[in-house]
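Chain residues, written in single-letter form:
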Amino acid sequence: MGTDSFSWTVEGDSCSTYSSSKTWEVLRPRGTTQASAKHIWFSGATPKHAFHMWVTNLNRLPTRDRLSAWGMQVPLSCCICSLHPESRDHIMLSCPYSLTLWSEVARRLRCVVPNFGDWLRLFIELTLLYTVWQQRNNMFFNQTLSPPLVAFKDINMQVVNSITALRTRKNFRALMQLWLI
Ligand SMILES: [Zn+2]
């Protein structure tokens, strides 16, 4: 059975530099379906974010590479940046738009990896992936896109709201400090 642990350290390397490909490898649940489910449907996860992560992990999002493979006549370029072919990995990890969001998250967390941080990181990542897909769909259907730093503000608000909902827990202050200071 594969590992179902999660960390921003990658195989013992601390994440002082950000690597999108390594992050996806860490981020995507591996191993048995049961282990993957535990990874995604963790306590405190927002259900729509968890469902989106599940679909993303299975590579079932209707990205343009998949629409094309189904025989639809669509442009292959990324809806958001138009610079590269649109695939799951591009949209979520290497599109300049999502890279900006990932780097904002890394900057905010300063890549500190304390024990209590797993929940926070999972929550942030599910929220970020969901937000990127929302923005992609805004472009696909409405040709509108929020600037990445505006989208990050929305992610920030969701994270703060979720941490606040945990204020009776004993590590609430640590989570708040990690995210806000
Ligand atoms: Zn792109």
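Residues numbered from 1 in each chain as written. Predicted model: local features only at pLDDT ≥ 70, side-chain atom pairs only at ≥ 80, totals over all residues. Heavy atoms only, no water.

### Regarding the packing of aromatic side chains
In this description, a pair of aromatic rings is defined by centroid distance and the angle of the planes. As enumerated under the stated definition, the model contains two aromatic pairs in all. Centroid distance Phe152 to Trp179: 6.2 Å. Interplanar angle 45°. Geometry classified as tilted. With Phe152 in helix α8 (residues 148-165) and Trp179 in helix α9 (residues 172-180), this pair connects stretches of sequence that are 27 residues apart. The residues Phe152 and Trp179 share a single accessibility class, namely buried. When the ring centre of Trp179 is taken as reference, the NZ or CZ atom of Arg108 above it lies at 4.9 Å. (Phe/Tyr/Trp six-rings, centres within 6.5 Å; stacked < 30°, edge-to-face > 60°. Helix = DSSP H or I, 4+ residues; strand = E, 2+ residues; numbered from the N terminus. Buried < 20%, exposed > 50% of the residue type's maximum accessible area, 1.4 Å probe, protein only. Lys NZ or Arg CZ within 6 Å of the ring centre and 35° of its normal.)

### Observations concerning the pattern of salt bridges
Tallied over the full model, the rule gives three salt bridges. A salt bridge links Asp89 to Arg88, with the shortest nitrogen-to-oxygen separation between them at 2.8 Å. Here Arg107 ties to Glu104 by a salt bridge, and the two come within 2.8 Å at their closest N and O atoms. Linking Arg107 with Glu104, this pair stays in helix α6 (residues 96-109), spanning three residues, or about one helical turn. (Salt bridge = Lys/Arg side-chain N within 4 Å of Asp/Glu carboxyl O.)

### Focus on the confidence of the model for the protein
Here the protein averages 79 in pLDDT, while 71% of its residues score no lower than 70. Predicted confidence in the protein is weakest over helix α1 (residues 20-27), with a mean pLDDT of 56, and strongest over helix α4 (residues 64-69), with 95. Counted against residues more than four places away or in other chains, residues 1-20, with its pLDDT under 50, gives 35 contacts. (pLDDT = per-residue confidence, 0-100. Contact = heavy atoms within 4.5 Å.)

### Describing α8
With 18 residues, α8 should cover 26 Å at 1.5 Å per step; its first-to-last C-alpha distance of 26 Å lies within 8% of that length. All buried positions along α8 are accounted for by Ala151, Phe152, Ile155, Asn156, Val159, Ser162 and Ile163. Buried positions in α8, seen along its axis, are confined to an arc of 145° and lie on one side of it. The exposed set on the far side of α8, more than 90 degrees from its buried face, consists of Lys153 and Ala165. (Expected span 1.5 Å × (residues − 1). Arc of directions from axis to C-beta.)

### As for the packing of α6 against α8
Where α6 contacts α8, the axes come no closer than 9 Å and their chain directions differ by 50°. It follows from the interaxial angle that α6 and α8 lie oblique. Helix-helix and strand crossings are classified by hand; for α6 and α8 the assignment is right-handed. Of the residues in α8, those in contact with Tyr97, Thr100, Leu101, Glu104, Val105 and Arg108 of α6 are Pro148, Leu149, Ala151, Phe152, Ile155 and Asn156. Per-class residue counts for the contact of α6 with α8 are eight nonpolar, two polar and two charged. (Axes fitted to C-alpha atoms, helices over the stretch in contact; angles between N-to-C directions. Parallel < 35°, antiparallel > 145°, perpendicular 65-115°, else oblique. Left-handed = near helix turned anticlockwise from the far one by under 90°. Nonpolar A, V, L, I, M, F, W, Y, C, P; charged D, E, K, R; others polar.)

### Comments concerning the coordination of the zinc ion
For a metal with four tetrahedral donors the ideal donor-metal-donor angle is 109.5 degrees, whereas six octahedral donors ideally subtend 90 or 180 degrees. The protein atoms that coordinate the zinc ion are Cys78 (SG), Cys81 (SG), His90 (NE2) and Cys95 (SG), at distances of 2.1 to 2.4 Å. Given four donor atoms and angles of 103 to 116° at the metal, the environment of the zinc ion is assigned as tetrahedral. For the zinc ion, the single-chain donor residues occur in sequence as C-x2-C-x8-H-x4-C. Within this pair, whereas Cys78 is found in the loop between α4 and α5 (88-94), its partner His90 is found in helix α5, the two being separated by 12 residues in sequence. In terms of burial, Cys78 and His90 fall into one category: buried. (Donors = N, O, S within 2.8 Å, 3.2 Å for Na, K, Ca; no water. Tetrahedral: all angles 85-135°; square planar, octahedral: opposite > 155°, others 65-115°.)

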